[in-house]
Structures are given as structure tokens and as C-alpha cells.
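# Structural characterization, general
Read off the chains here:
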Amino acid sequence: MGGERIDFFVSHAGADRAWAEWVAWQLAEAGYAVELDVWDWEPGRNFVTAMSDALDRADRVVALFSAAYFDRSRYTTEEWSASMVHLPGAGQGRLVPVRVEEVAVEQVPAVLRPLVCCDVFGVDAGQARRRLLDAVRSSRWPDGEPVFPGRGSPAGLGRLGGSGPRLPGSVPRVWNVPARNPEFTGRDQMLVALREVLAGGDRAVVQALHGMGGVGKTQLAAEYAWRFAGAYELAWWVDAEQAGLIGDQFAALGTALGCVEAGARIEAVRDAVLGELRDRGRWLLVFDNAQAPGDIAGWLPGGGHVLITSRQHRWAQIAAPVEVDVLARDESVALLAGRVSSLTQADAGRLAVGLGNLPLALAQAAEYLAETGMDAVEYLGLLGTRAREILDQGRPGSYPMSLAAATQLAVDKLAQDDPAAAALAGLCAFLASEPVPADLLTGAARELPAGLAARAADPIAWRRTMTRVSGHALARLDHRGLQMHRLIQAILRDRLSPEQAAETRQRAEAILTANDPGNPSNPAAWSQWAQLMPHLLAADLAAANRDLRGLACHACWYLLARGDTRSSHDLAATLHPQWRERLGSDEETVLAMAHALAWALQDFGRYAEARDLEREVVDRSRRGLGEDHQSTLTYASSLAISLRELGEVQAARDLDHDTLDRRRRVLGEDHPDTLNSANNLAIDLRVLGEVQAARDLDHDTLDRFRRVLGEDHPHTLISAGNLAADLSALGEHQAARELDEDTLARRRRVLGEDHPDTLASASNLAIDLRELGES
């Protein structure tokens, strides 16, 4: 154990930092040597090592018991359990339990329940201090008062400037923060992070909390003020939505401070109040719902702490921007289950997903369900069909307006300020709640409304338009594009007439088809496919037009090429019966989707189902499109694979031979489809024992693939794997090994370590090594 001994290490959950600072201050003022992480551990230090060192040096541990303290995911579990271990010479009672809030018995670990706790909550500061000091006194302490190491003589903290922190929960005399929300849930990590950066000083003393409407920025700022009220001598809340009214609110602050006379001019108010604040060291200002940095800059005194809440994100010139996002899923579930006693955890989870973890929407849903007795299933159904109406219900008192009303207000203001930006927001409402990249829209400029299309050719104008959408808090904007919350999307869609909705949906679908990345088997296009997929899946594919249906078929093949057979199967299995019901079994895109479904079944090893489905597809395609049609030959090639896998190898060979001949005649020797047929026929030959013929065909096919598609294309690598199998079957194990090694390296680079084809290459190489005695 290194370092000087200390009397106490204060163990606490991050959510109880205010209590930890108060307790540590009282102990240090009483002359004890205290270590507190937020005071003594420098930034960047390894937390686990620092905690271990502190526990080694400390004679005793003051543990601040709260509900958060016993969360098993926190390091506090290790701290109190280590404190229970008897250390030679440390005596008994190493752990000093101090309760800072009421904790249900079942939340306390069984081993700690017999301990007598000191309660410091629910009493005034003087009584709490006496209880704390009584709890830590013990006969093993020296008669003389210990000196706090490195901090001067006893009571040295008081000499460092200012008074100590007040008892947490008490508020300063000058205080106008809105009433605390007793049902505030979650955000512990963000509150602790805010406290740490504000207490760290420098430029971080001004923090701008920004995010979409309903995400809980104001609630977060208010909870911070209440939770850390004891650390401030004054805290003042300024409604900053209308910049012209800020001066009046500062005049009220000046009156409360006694530095402004009634009727003083605004400039005199500004000078007096800012000067008074600069002379004080512990104050908090909150500018709520601020619109622009210019509205606030002249009211920042410096020296204390400032929180700004805003839907805007452009605060870097005067503050450190902090984005407030939706709640974590477990926090959403806790909020819902805590307010609606009839909700099961499963139903609360489903509601959290449906509401996208948006705090205002969660609070409204909880209020509405508790009031009406509606169950989760019915509420989610209404959310899908009448989103704007249901999201206007159940507004909690802690919010000024419902999510639907706030969204309506924002979009009306945007339409007034910039109609083209409002049109952009409307289009985003019909895409996915994933980022919408700028080039997804600018690349389809002719599909955009006229006013918006005119801006697509100018990157500056386009970025300005995107910024206006995000500036009205209808979406977030970052390097990936605009991202709109699903509930905001639903409200925007519901506000449109049926005709307007149909027109906007058609534009969104046209934008998707205009962004077709092309060949889904080409890895060079995969990044574009990944970008497009969430928006394609958000479209109404069941009722899609022909172009969009074709794009959906290609999407299934992209998923298969990436090795995501399950997603491809599920998409095809959903759309095929829907399209067949609407369009008939012989329609071309219905046949194409059936083919994609059959291929996914093959990948799952369900060859009999695949054969039956593909046989029907081939028959229908031959009748409707002709035997030499490119699609017919593609379906026939797939049918042959199922036949071979089911042991009907001769039938597979005959079909593959016929398909290869037709493709050579119709498409030419070097067409990729022709080469795929050659691959398949070679496999049939090898299975039938005609290995040399298979080798010759595969060698020629691989040469052609390399020339046509390149050495790293997935089809080329399939061909290389087939030739390696021929070589191995002919006893040429070293040649097979070299080809399999090269193929494995390329597949790892192109497809990734976990792609099924990569794993197949690894298996083939292992066989080669075993044959060569390198097992």
C-alpha cells in the first residue's frame, strides 16, 4: 500500500455527487483526512486503480447509501464489498453507512441490512452535520484532531474561500427555479457530467443543452439546479425565448440581490447585475429556450455557472454545446413502469420502442394511460394510425405543451420562414428515422419540389436549407445528414391531407429509385446500399410501383451478398405473397421476388422448399417470357442448385448444361451470368466424378472472371474456390492450398472475417493443411 494514510474515503454513486461533496467538506472541516474522487483524482487517471489505492490507504469508508448506490452496474458495489473485508490493525466497523435518501430494504444487499445507518436526509444542515460526525467518531481515533494532509490546518477548507456547500436539497435565498419534477427519471450520467465540467471551470462554465423538442432539455436543467442547489449561493432562471424580455428578468434578479433600483434602465440593470455576479463565486444562471447566441452573449457575466437550453445547436462561440438525446431504453421503461402501475415490463418496453424513447412522448403516454386505463396494445395501435391526435393527449404539467402542439408550432414557423426547408422536412417524414444523407436528395434533384430542387445544385444553399430544418428542432443534423425522430415524422405525415400525403410519398419513392446503387453483388456499391436500405425499408413496399419493387428485389440480393440471409429471407417472405395477391403470380417482379426467396431458402439448407418454389418460377417465366429470356435462365440456374443439393445431380447437370449453352448464345462467353453457369456446371461434373473436366472448365472460368470482374470480386472468388476444390480432388494439395490461402486473404479483406464465404474458405484451407500433414 503506497501513499499517506487517510481517515476516510467517501464512496458514492455519481448521482449523489452533491451529497458526497457536502459530506467530504464536513469531515475535512472537522479535521479528518478525506479522499473524494471528484476532488482528488486528476482527469485521465485509471478509475479502478485509483479506487483500489484509496481503499488501501483509507482507515474507513463512508458509504452514502441510496437507490443508485446499490445499482449492481456501478463501481460502488466493489467499494462497499472491499470495505467489509477486515484489514489487520483496522479494527471493526470499517464501513460507515450514511443514508442520503430512503432506500427500500429489498434494494440493500443482505450482508448490509444489519448495519445501523446514519440518516442525514430530512433534517436541517446543522442536525445532519452532527449526525454525520457522531457516526464517524470512534474510540480508536486519536485524542488530538488530525491535520488534513496537504490542505493546511484543521478547518482549512473554510479558508480556501467561501462557505462550504449547503445540505443537498436546500435552496439559496435568491432562487426562482421552476418547481422540481418529482417524477424525473434517468439522466444520472449526464447530470454528473454537467456537474464535473461546470465545477472544472474555464470555458466549460457555460454549457448549452441542445436537442429536438420534447427531449427534456428544460427538465434536465431544472433537475440539475435542484440536485446541486446546495453548491450555489443563488440560482436564477431566465425565460430566454423572447430576447427582449431578458432584461426585465435580470432586473428582477437585481432587485432580489439589492443592487438594482426599481425603474432602472436596462443598461444600468445589466451593469449592476453582472458586476454583482462577478463579485460572487457560487451562482447559477439558466437561460431556458434560448434562440441564438447573440441574444445571450451580452448577459454572460463570467465567474459562475451558466446553463443554456435551446433547440438550436450553434452555440460553440459562447458555450460548450451538449447534445441532449432521447433516453436510454432502460430509463424509458423505468419512467413508464414507475408512472403506470398496471404496465408490465414487456409492455413498457414495447411502448418505449414505439415512442422512440422521447421523454415528452413517454411522459404523455404515461399520463394518458394512467388517466384512461387504456392498455399498451391499444395505445400503440392509435400511435400507428392517429399519431398526431394521440400525441396531443396526456400533456404532463411539467411541459408547456404537448409534443404534437410543439411540433405543429415548429413546422408552421419553418413554413413561414422558409417554405423550401419545410418541404425538405416533409420529405424526411416519409423516409426512415435514420440519417438522410445530403446526396440522397441532391442526387435526385429532378424529383424534388421546384423550390427545393433549385437549391440542390448549390451546396451552400442546400446546407443552409438543412440547417434551417435542424434549427427548428425538427431533425438533428450532423455529418451523416438529417435525422428525424419517428414521432416527429408521424406528426408531420398526419398533418397532411390524403392528397398531399400521397404526393409526398410518391416523391420520396422516386428519390429512392433514383438512388439505385446498381449491382448488389459488387462490393464497391455496398456502402451506397447500406445508406439506402433503411429508407427503402421504411417505404410502403407492399403497395410499391414497379420501379420500387425492382429496387426491393435488388435489396434482397444485396443482403444475400453481404451474408445476411435472415434479413433477405424475411423481406422476401413478407413481400412475395403481398405482391402476388395484388399483381398475380406471373408478374415479373413477383417472379423475381420468389426467386430471391428461393435462394434464401437454399442458404438455409431448405432445398426441397427452394426446388418447389423455383420450379414454379421457371415454368411461369418460360411461359410468360420465353426460354431464352435472361430472367428465365437465372431462375433455371437456381433450380439446378437445389436439384444438385437434393441428390438429383444428373438432372442438375442437364439443366446447367442447357442454361450455359443458352447464355453463351444470348449473352456471350464472357458475360458474368454465363460464367456463373459455367461454375455451376463444373460443380455438377466434380460431384459426378468427372473431376478433370471440372478442373478444365473451372480454370477457364476463373481466367475469364479475373479479366471481366477483377481478382477481388465475390464471383471471382467463388470461382477460385471451385478450382481449388478440383485441385484437391485430383490430389494437387499444394496447389489447392496456395489458391485457398489467396482466396481466404481476399475474402477477409473484401467480405470480412465473419462472412459465410470467408468461413468456407477457412474451412477449405484447413482441409488442405490436413491433407499436407499440417494438422
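Residues numbered from 1 in each chain as written. Predicted model: local features only at pLDDT ≥ 70, side-chain atom pairs only at ≥ 80, totals over all residues. Heavy atoms only, no water.

## Considerations on the packing of helix α33 (residues 733–750) against helix α34 (residues 756–771)
Look at α33 against α34: their axes get within 9 Å of each other, and the N-to-C directions meet at 155°. Judged on the interaxial angle alone, α34 and α33 are roughly antiparallel. Where α33 crosses over α34, the two elements pack in a sense that is left-handed. Contacts between α33 and α34 involve His733, Ala736, Arg737, Asp740, Glu741, Thr743, Leu744, Arg747 and Arg748 on the former and, on the latter, Asp757, Thr758, Ser761, Ala762, Asn764, Leu765, Asp768, Leu769 and Glu771. The class makeup of the residues in the contact of α33 with α34 is five nonpolar, five polar and eight charged. (Axes fitted to C-alpha atoms, helices over the stretch in contact; angles between N-to-C directions. Helix = DSSP H or I, 4+ residues; strand = E, 2+ residues; numbered from the N terminus. Parallel < 35°, antiparallel > 145°, perpendicular 65-115°, else oblique. Left-handed = near helix turned anticlockwise from the far one by under 90°. Contact = heavy atoms within 4.5 Å. Nonpolar A, V, L, I, M, F, W, Y, C, P; charged D, E, K, R; others polar.)

## Notes on the pairing of strand β8 (residues 234–239)
Put simply, side chains in a regular strand alternate between the two faces of the sheet. Of all the six residues making up β8, five are buried; the element is thus mostly covered by neighbouring parts of the structure. The pairing of strand β6 (residues 174–175) with β8 spans two bridges and is classified as parallel. In the sheet register, tryptophan 175 faces β8, and the bridge partner there is alanine 235. Pairing between β8 and strand β9 (residues 283–288): six bridges, direction parallel. (Buried < 20%, exposed > 50% of the residue type's maximum accessible area, 1.4 Å probe, protein only. Pairing = 2+ DSSP bridges.)

## Notes on empty space enclosed by the protein
With the rule as written, the count across this model stands at five cavities of 30 Å³ or more. Reported here for the largest cavity is a volume of approximately 120 Å³. Taken together, 13 residues form the lining of the largest cavity, with Phe184, Gln219, Leu335, Pro359 and Tyr399 sitting closest to its centre. When residues of the lining of the largest cavity are traced back to their parent elements, those giving at least two are α11 (329–339) and α13 (359–372). (1 Å grid on protein atoms, 1.4 Å probe; cavity = no way out; pocket = protein on both sides within 12 Å on 5 of 7 lines; lining within 4 Å. Points joined across faces, edges and corners; volume = space filled by probe spheres on them.)

## Here we look at the nonpolar core
Core analysis: the biggest nonpolar cluster contains 137 residues, and Tyr379 and Leu391 have the highest contact counts within it. Apart from the residues within four sequence positions on either side, tyrosine 379 is in contact with Leu351, Leu355, Ala365, Tyr368, Leu369, Met374, Ile390 and Leu391. Grouped together as the second largest cluster of nonpolar side chains are 28 residues, Val205, Phe250, Leu285 and Ile308 included. (Core = buried A, V, L, I, M, F, W, Y, C linked by side-chain atoms within 4.5 Å.)

## Here's the deal with helix α6 (residues 188–199)
Taking 1.5 Å per residue as the helical rise, α6 with its 12 residues ought to reach 16 Å, and the 16 Å between its terminal C-alpha atoms agrees with that figure. Of the residues making up α6, those classed as buried are Leu191, Val192, Leu194, Arg195 and Leu198. Along α6, the residues classed as buried sweep out an arc of 155° about the axis, all on the same side. If you follow the buried residues of α6, they end up packed against α1 (17–29), β7 (206–210), α7 (217–227) and β10 (305–310). (Expected span 1.5 Å × (residues − 1). Arc of directions from axis to C-beta.)

## A word on the pattern of salt bridges
Considering all chains together, one arrives at 53 salt bridges under this definition. In this structure, arginine 180 and glutamate 223 form a salt bridge, with 2.8 Å as the shortest nitrogen-oxygen distance. Of the two residues, arginine 180 is situated in the loop between β6 and α6 and glutamate 223 in helix α7; the sequence distance between them amounts to 43 residues. The exposure class assigned to arginine 180 is partly exposed, which follows from its relative accessible area of 38%. (Salt bridge = Lys/Arg side-chain N within 4 Å of Asp/Glu carboxyl O.)

## Let's talk about helix α23 (residues 526–538)
Here α23 contains 13 residues, and its C-alpha end-to-end distance of 19 Å stays within 8% of the 18 Å for a straight helix at 1.5 Å per residue. Along α23, the helix axis deviates most sharply at leucine 532, where the bend reaches about 40°; the proline proline 534 sits within four residues downstream. Three or more residues of α23 are buried, namely Trp526, Trp529, Leu532, Met533, His535 and Leu536. In the core, the buried residues of α23 are packed alongside α18 (438–442), α22 (498–514), α24 (546–561), α32 (714–729) and α33. (Bend = angle between axes of the 7 residues up to and from the residue.)

## Some points on the sheet that holds β8
Pairing in this open sheet of six strands is parallel, and the strands run β6-β8-β9-β10-β7-β11 from one edge to the other. Two strands close off the open sheet at either side, each with one partner strand: β6 and β11 (320–323). Sitting on the sheet, α7 is in contact with β6, β7, β8, β9 and β10, with an inclination near 160° to β10.

## What to know about the packing of α32 against α33
Two numbers describe how α32 lies on α33: the axes approach to 8 Å, and their chain directions differ by 160°. In terms of their interaxial angle, α32 and α33 are classed as roughly antiparallel. Here α32 runs over α33; the crossing is left-handed. Where α32 abuts α33, its residues Leu717, Ile718, Ala720, Leu723, Ala724, Leu727 and Ser728 lie against His733, Ala735, Ala736, Leu739, Asp740, Thr743, Arg746 and Arg747. Residue composition of the contact of α32 with α33, by class: nine nonpolar, three polar and three charged.

## Some points on the confidence of the model for the protein chain
When pLDDT is averaged across the protein chain, the result is 85; 89% of the residues are at 70 or more. Across the protein chain, element-level confidence peaks in helix α25 (residues 565–583) with a mean pLDDT of 96 and bottoms out in helix α4 (residues 76–83) with 50. (pLDDT = per-residue confidence, 0-100.)

## A word on the packing of aromatic side chains
For any pair of aromatic rings, the description rests on two quantities: the centre-to-centre distance and the angle between the ring planes. For the coordinates displayed, the defined rule picks out 10 aromatic pairs. Between phenylalanine 250 and tryptophan 299, the ring centres sit 4.6 Å apart and the planes meet at 40°, which makes this aromatic pair tilted. Within this pair, whereas phenylalanine 250 is found in helix α8 (residues 246–257), its partner tryptophan 299 is found in the loop between α10 (293–296) and β10, the two being separated by 49 residues in sequence. With respect to burial, phenylalanine 250 and tryptophan 299 carry one shared label: buried. Among the aromatic residues, ring-to-ring pairing joins Tyr224, Phe228 and Tyr232 into one connected group. (Phe/Tyr/Trp six-rings, centres within 6.5 Å; stacked < 30°, edge-to-face > 60°.)

## Examining the side chain of serine 637
Mapped onto the fold, serine 637 is located in helix α28 (residues 630–645). Aside from chain neighbours lying at most four places away, what touches serine 637 is Asp656, Thr659, Arg663, Ser677 and Asn680.

## Notes on unusual backbone geometry
Even without glycine at this site, asparagine 289 takes up a positive phi of about 60°. Residue position: asparagine 289 is located in the loop between β9 and α10.

## Digging into the state of the cysteines
Applying the stated criterion across every chain yields a total of zero disulfides. We note that cysteine 553 lacks a disulfide partner, and the nearest cysteine sulfur, in cysteine 556, lies 6.4 Å from it. (Disulfide = S-S within 2.5 Å.)

## Looking at the sheet that holds strand β1 (residues 6–11)
Within a beta sheet, neighbouring strands are joined by backbone hydrogen bonds and run either parallel or antiparallel to one another. Strand order in the open sheet formed by five strands is β2-β1-β3-β4-β5, and the pairing between neighbours is parallel. In this open sheet, the two edge strands, each paired with only one partner strand, are β2 (34–35) and β5 (118–119). When β1 meets strand β3 (residues 58–65), the two strands line up parallel, connected through five bridges. Bridging from a neighbouring strand, phenylalanine 8 pairs with arginine 60 of β3. Contacting β1, β2 and β3, α1 runs over the sheet at an angle of about 140° to β3.

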